[in-house]
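In case you want the letters, here they are:
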Amino acid sequence: MTPSLAAEPPRAPSLWISLIPVVVLVALLALNVRVFESADNHVALVLAAGVAGLLAVFGLKKPWKEIEAGIVHSITMALQAVFILMVVGMLIGAWIEAGIVPQLIVWGLEIISPDVFVVTACLVCCVVSLATGSSWTTAGTVGVALMGVGHTLGIDVGLVGGAVVSGSYFGDKMSPLSDTTNLAPAMAGSTLIEHIKHMVWTVTPALAISLVLYAILGRSHGSDAHGLDRVDATVAVLGDHFNLSPWLALPPLLVLVLVATRVPAIPALLLGTFAAVGLGLCFRTPGESGVLGMLGASFGTLFGGYTIQAAAAIPAGAEHELQRAAAATVDSLLDGRGGMKSMMGTVALIFCALAFGGVMERSGMLGSIANSILRLVRGTGSLVTATIVTCFGVNVLASDQYMAIVVPGRMFRTAFLERRLHPKNLSRALEDSGTVTSALIPWNTCGAQMTMVLGVATAAYAPYAFLNWICPLMSIFYGFTGISMTRISDAEAKERLAAG
C-alpha cells in the first residue's frame, strides 16, 4: 500500500488537519495525568505520533519512508543530549558515592542561612552555568547539592527547584559556551557577540525581579523553628556515612575548569566522573573484598545508582526521633539517586517526544501551525509575540528546545528583515522563549531532565522558575514599546535577504 500512496502527490496540510494530533496529544496527556494519575507520558506521545503519522500517510499522501526519515532525523539531533544525560546520571552516582554531593550539602548547611538561601541558590547556579554554558550540567551537579540543602532547611522543594532552574538557564542563555547561545544567532543571521549583548536587555531585569521574589519567598519559607536542630542532626548523619574532606571539591573544580577552557561537555563530565571514582577509592576503607571489590561496587553505582539506608541504622525510641528524622532526610536525598539506569526513563521519553516532533515537522503540520500564527502579524510587537508563542508551541509539540530555535528561526527570519529589524532581535526572541520555556514543559527533554536530576516534579518548580517566565514577557514588552529593537537600513535588509 505504501508504494501506491507514495506515487500520489502529497498535499499541504491545513491548519485544522495539523491541529488534530495536537488536540489528541493534549487529551491523552490530560487523561494520563488527571484520570490515571501518572507522570509517565511516553504512551501518550507514541499514540499522538501514531495519529500524526496516519494523517500524514493517508490524509496528506506523504510517503511513509519520508515520515520515518523525519523521525530518525529528529531523534538523531538529540543523540548528543541523550548521551550527556546518561553521563550526568553516572556523574551524580559517582559524586554521591565518593562523598562529593554530601560534602557540598554540609558546606551549604554550615554557611547558608535559610533567610537568604533561595537567593544564594539562584546566584550560585548563575555563576556555574555561565562558566559551563550548560543548564543540564549545572542542575545535575551543584543543583543536586542545593536541593539537598534546601530540603534539610525545611524550604519548599518547588521554590528551591525554581531558583536552581532560573539560575541554570541564566547561564544557558548568556554563556558563549552554550550550544543554544550559538545556535540562535546562527538561525537568525546575527553574530554571537551581538546576540549576547542584546540579551542583556531582557535577562538583566528578569534576573533582578527573580532575585527580589526569591528574597521575599525565601524568608517566608525558611522560618522553621526546628531547622537548626535538623541541620546539625543531618550533618552528623552525613559524617557517619561518608568520609568528608575538602579534597572532595577537586572533581567539581576539575569539571568547571575543563568546560571553562572549552573542553567539550561529554569528555569533561566523564573526567569528572572518573576523578570522583578514583577519589572515592582513596577515601574509603577497603572491606573484605578489597580494592577490586570497591571498584566493582563503584561500577554498579555508575549504572544502577547509589543506595543508602541510613534510617535503618538508627535505634527506635523517642530519644532518637530527631536522628531518625535526619537519617530519613538523607535517605530521601541520596538513596537510589544517580546512575545511568535512572536516566533510561527520561531517554525513552525523549525518543517518544522527538518521534512525535519528527512526524509533525516532516509532514508539514508543524510549519502549517506556525504559518497560521504568522498571518496574524501586523507590527513589530505582534511579530515578536508570534515568535515567542511559536517557540513555546514548538517546545510543547516537538518537545525539544533545539527544534524550538531552529524551526521558528528559519520561519521568521525573512519577516524580521522585511520589517527592517536587525537579526539580533530575532535571535534574542528565540532564546527568550525557545531556550527558557523548555524547562517548564514536563514532557520536553529539558523539563524531563530537570525533574530527573533535581528530584522534583516540573509542576512543582515551574511556578517558581521566575526568570523562565519573565524573559519572554520582557521580550514581548520591548517588541510593543520599541525599546532596544535595533533597526537596519533598507540597503542592509535587501543585502541580507539576498544572501538568504
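A quick note: this is a predicted structure, and the numbers were derived from the prediction, not measured.

1. Describing the overall build of the chain
Link 1 in the chain: What the chain contains, in helices and strands, is 25 helices and zero strands.
Link 2 in the chain: For 500 residues, the compact-globule formula gives about 23 Å, and the C-alpha radius of gyration of the chain, at 24 Å, lands near that figure.
Link 3 in the chain: Considering only C-alpha atoms, the chain reaches an extent of 75 × 55 × 45 Å along its principal axes.
Link 4 in the chain: In the chain, once contacts between residues fewer than 6 apart in sequence are set aside, the share between residues at least 24 apart is 81%.
Link 5 in the chain: Accessible surface for the chain amounts to roughly 20,300 Å². Of this, 67% is attributable to carbon and sulfur atoms.

2. Here we look at the nonpolar core
Link 1 in the chain: Formed by 153 residues in total, the largest nonpolar core has its most connected members in Phe117 and Leu334.
Link 2 in the chain: At 14 residues, the largest contribution of residues to this core is made by helix α5 (residues 79-98).
Link 3 in the chain: Among residues more than four places away in sequence, those in contact with Phe117 are Ile112, Leu146, Val149, Gly150, Leu153, Ile155 and Val160.

3. With respect to the environment of Leu430
Link 1 in the chain: Secondary-structure assignment places Leu430 in helix α21 (residues 423-435).
Link 2 in the chain: Overall, Leu430 belongs to the buried group, its relative accessible area being 0%.
Link 3 in the chain: Separated by 401 residues in the primary sequence, Leu430 and Leu29 have C-alpha atoms spaced 26 Å apart.
Link 4 in the chain: Filtering out sequence-adjacent residues up to four positions away, Leu430 remains in contact with Ala184, Met187, Ala188, Thr387, Cys391, Ile405, Pro408, Gly409 and Thr435.

4. Quick word on the environment of Phe283
Link 1 in the chain: Among the secondary structure elements, Phe283 is positioned in helix α14 (residues 265-283).
Link 2 in the chain: On the basis of relative accessible area, Phe283 is assigned to the partly exposed category, the value being 23%.
Link 3 in the chain: Counting along the chain gives 178 residues from Phe283 to Tyr461, while the straight-line C-alpha distance between them is 35 Å.
Link 4 in the chain: If sequence neighbours within four positions are ignored, Phe283 has contacts with Asn243, Ser245, Trp247 and Leu248.

5. As for unusual backbone geometry
Link 1 in the chain: Phi at Arg420 is positive, roughly 60°, even though this residue is not glycine.
Link 2 in the chain: With respect to the element layout, Arg420 can be found in the loop between α20 (401-418) and α21.
Link 3 in the chain: Notably, Ser484 is not glycine yet its phi reads approximately 65°, a positive angle.

6. Some details on helix α3 (residues 42-59)
Link 1 in the chain: Taking 1.5 Å of rise per residue, 18 residues should cover 26 Å, and α3 covers 25 Å from first to last C-alpha, within 8% of that figure.
Link 2 in the chain: Within α3 the residues assigned to the buried category are Ala44, Leu45, Ala48, Ala49, Ala52, Gly53, Leu55, Ala56 and Val57.
Link 3 in the chain: The positive-phi residue at the C-terminal boundary of α3 is Lys61, with phi of around 60°.

7. Overview of the pattern of salt bridges
Link 1 in the chain: Enumeration according to the criterion identifies two salt bridges in this entry.
Link 2 in the chain: Between Asp432 and Lys173 there is a salt bridge, with its nearest N and O atoms 3.1 Å apart. With Asp432 in helix α21 and Lys173 in helix α9 (residues 157-174), this residue pair connects regions lying 259 residues apart in the sequence.
Link 3 in the chain: According to the relative accessible area criterion, Asp432 is buried, its value standing at 0%.
Link 4 in the chain: Owing to a relative accessible area of 0%, Lys173 belongs among the buried residues under this scheme.
Link 5 in the chain: For Asp490, the salt bridge identified is with Arg420, shortest N-O distance 2.6 Å.

8. Here's the deal with the packing of aromatic side chains
Link 1 in the chain: If you walk through the whole model with that rule in mind, you get five aromatic pairs.
Link 2 in the chain: Ring geometry for Tyr214 versus Phe466: centroids 5.1 Å apart, planes at 40°, classification tilted. On the criterion of sequence distance, the pair formed by Tyr214 in helix α11 (residues 192-221) and Phe466 in helix α24 (residues 466-481) is long-range, its members being 252 residues apart. When sorted by exposure, Tyr214 lands in the same class as Phe466, which is buried.
Link 3 in the chain: Relative to Tyr306, the ring of Phe242 lies with its centre 5.8 Å away and its plane at 35°, an arrangement referred to as tilted. Here Phe242 is found in the loop between α12 (227-241) and α13 (250-260), whereas its partner Tyr306 is found in the loop between α15 (290-304) and α16 (321-334), with 64 residues between them in sequence.

9. As for the packing of helix α4 (residues 64-77) against helix α17 (residues 344-363)
Link 1 in the chain: The interhelical angle for the contact between α4 and α17, taken along N-to-C directions, is 130°, at an axis separation of 7 Å. Taken together, the axes of α4 and α17 lie oblique to each other. Handedness of the α4/α17 crossing: right-handed. Contact with α4, carried on its side by Glu66, Ile67, Ala69, Gly70, Ile71, His73, Ser74 and Ile75, involves Phe351, Leu354, Ala355, Gly357, Gly358, Val359, Arg362 and Ser363 of α17 and no other residues of that element.
Link 2 in the chain: Partitioning the contact of α4 with α17 into residue classes produces eight nonpolar, six polar and two charged.

10. Observations concerning the packing of α9 against helix α22 (residues 445-454)
Link 1 in the chain: At a closest axis distance of 12 Å, the pairing of α9 and α22 adopts a crossing angle of 125°. By the angle between their axes, α9 is oblique relative to α22. Note on packing geometry: the crossing formed by α9 with α22 is right-handed. From α9, Gly161, Val164, Val165 and Tyr169 reach across to α22, where they touch Cys446, Met450 and Leu454.

11. Thoughts on a nonpolar patch on the surface
Link 1 in the chain: Taken together, Leu31, Val35 and Phe36 make up a surface patch of nonpolar side chains, about 290 Å² in accessible area.
Link 2 in the chain: As for its position among the elements, Val35 is in helix α2 (residues 15-35).

12. What to know about the side chain of Glu431
Link 1 in the chain: Structurally, the position occupied by Glu431 is in helix α21.
Link 2 in the chain: For the buried Glu431, no salt bridge exists, and the shortest N-O distance to an oppositely charged side chain is 5.7 Å, to Lys173.
Link 3 in the chain: In this view, Glu431 contacts Asp172, Lys173, Thr180, Thr181, Ala184, His195, Met199 and Val436; residues no more than four positions away in its chain are not counted.

Reading guide: rules and limits
- Residues numbered from 1 in each chain as written.
- Predicted model: local features only at pLDDT ≥ 70, side-chain atom pairs only at ≥ 80, totals over all residues.
- Heavy atoms only, no water.
- Helix = DSSP H or I, 4+ residues; strand = E, 2+ residues; numbered from the N terminus.
- Rg over C-alpha atoms; globule rule 2.2 N^0.38 Å.
- Contact = heavy atoms within 4.5 Å.
- Areas by Shrake-Rupley, 256 points an atom, 1.4 Å probe, with all protein chains shown as cover.
- Core = buried A, V, L, I, M, F, W, Y, C linked by side-chain atoms within 4.5 Å.
- Buried < 20%, exposed > 50% of the residue type's maximum accessible area, 1.4 Å probe, protein only.
- Expected span 1.5 Å × (residues − 1).
- Salt bridge = Lys/Arg side-chain N within 4 Å of Asp/Glu carboxyl O.
- Phe/Tyr/Trp six-rings, centres within 6.5 Å; stacked < 30°, edge-to-face > 60°.
- Axes fitted to C-alpha atoms, helices over the stretch in contact; angles between N-to-C directions.
- Parallel < 35°, antiparallel > 145°, perpendicular 65-115°, else oblique.
- Left-handed = near helix turned anticlockwise from the far one by under 90°.
- Nonpolar A, V, L, I, M, F, W, Y, C, P; charged D, E, K, R; others polar.
- Patch = residues over 30% accessible without salt bridge, like charges linked within 9 Å, V, L, I, M, F, W, Y side chains within 5 Å.
- Lys, Arg positive; Asp, Glu negative; His and termini not counted.

Treat this as a map of the structure, not an account of what it does.
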